[in-house]
Amino acid sequence: MTRSRILTLVLCLAGVSATFLADFRTSAEAQESAKLILEVSGFKNTKGNALVSVYNSSGSFLEMDEAVKIKGKRYMKLKIKNKKMRIEIPGLKSGTYAVGIVHDENKDNKLAQWFWVGPPKEGVGMSRNPDGYPKFKKCKFKFDAKADKTLKIKMTYLGSDAG
């Protein structure tokens, strides 16, 4: 084999391996950037915002100040434009989580309740749509950061006085 053929062969092999490595890196990056997708339905109106929180333990569950940070914040505040929403949450690590959503109709960035401890005045939605009082055990799910996961969440209005 001549030097020029050897050089051509080496360059071709280098190009193939560089392409393979680039494809591999892209594939690996894609596996680590899976999203949690929430398909939320049942908003009774489009007033206010949806406050979306993700929790990773029973100790922090329903405490917005202790929720997992999403893009540096403890909750996502999203304008409600329709009675249904699709919400994508990027950057979660593999693990066990629960999601809580508040329909913050009065825009005070918290759940309004009757007499501070009674049923909520505003709508709420939880992962796995549990019956009764939501507990982490009833709402938790496994998330694998290598594959997108979609959850369907139905908003519930218990003690609301607005229609």
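Residues numbered from 1 in each chain as written. Predicted model: local features only at pLDDT ≥ 70, side-chain atom pairs only at ≥ 80, totals over all residues. Heavy atoms only, no water.

Further remarks concern the sheet that holds strand β8 (residues 149-154). Hydrogen bonds between backbone groups are what pair the strands of a sheet, and the pairing can be parallel or antiparallel. Within the open sheet, the 3 strands sit side by side as β4-β1-β8. Their pairing is mixed. Each edge of the sheet is formed by a strand with only one pairing partner; in this case those strands are β4 (84-90) and β8. Across the sheet, the mean angle from the axis of one strand to that of its neighbour is 20 degrees, orientation sign disregarded. In this sheet, β8 lies alongside strand β1 (residues 35-41) in parallel orientation, the contact comprising 6 bridges. Residue pairing for β8: Ile37 is matched across the bridge by Thr150. (Pairing = 2+ DSSP bridges. Helix = DSSP H or I, 4+ residues; strand = E, 2+ residues; numbered from the N terminus. Axes fitted to C-alpha atoms, helices over the stretch in contact; angles between N-to-C directions.)

Most peptide bonds adopt trans geometry, and most residues besides glycine take a negative phi value. Here Leu62, not a glycine, exhibits a phi torsion of approximately 70 degrees, which is positive. Position of Leu62 relative to the elements: it lies in the loop between β2 (49-55) and β3 (76-79). Of note, the phi angle at Asn129 is positive, near 45 degrees, even though the residue is not glycine. Within the element layout of this structure, Asn129 appears in the loop between β6 (124-126) and α2 (136-139). Using a relative accessible area of 34% as the deciding quantity, one classes Asn129 as partly exposed. (Buried < 20%, exposed > 50% of the residue type's maximum accessible area, 1.4 Å probe, protein only.)

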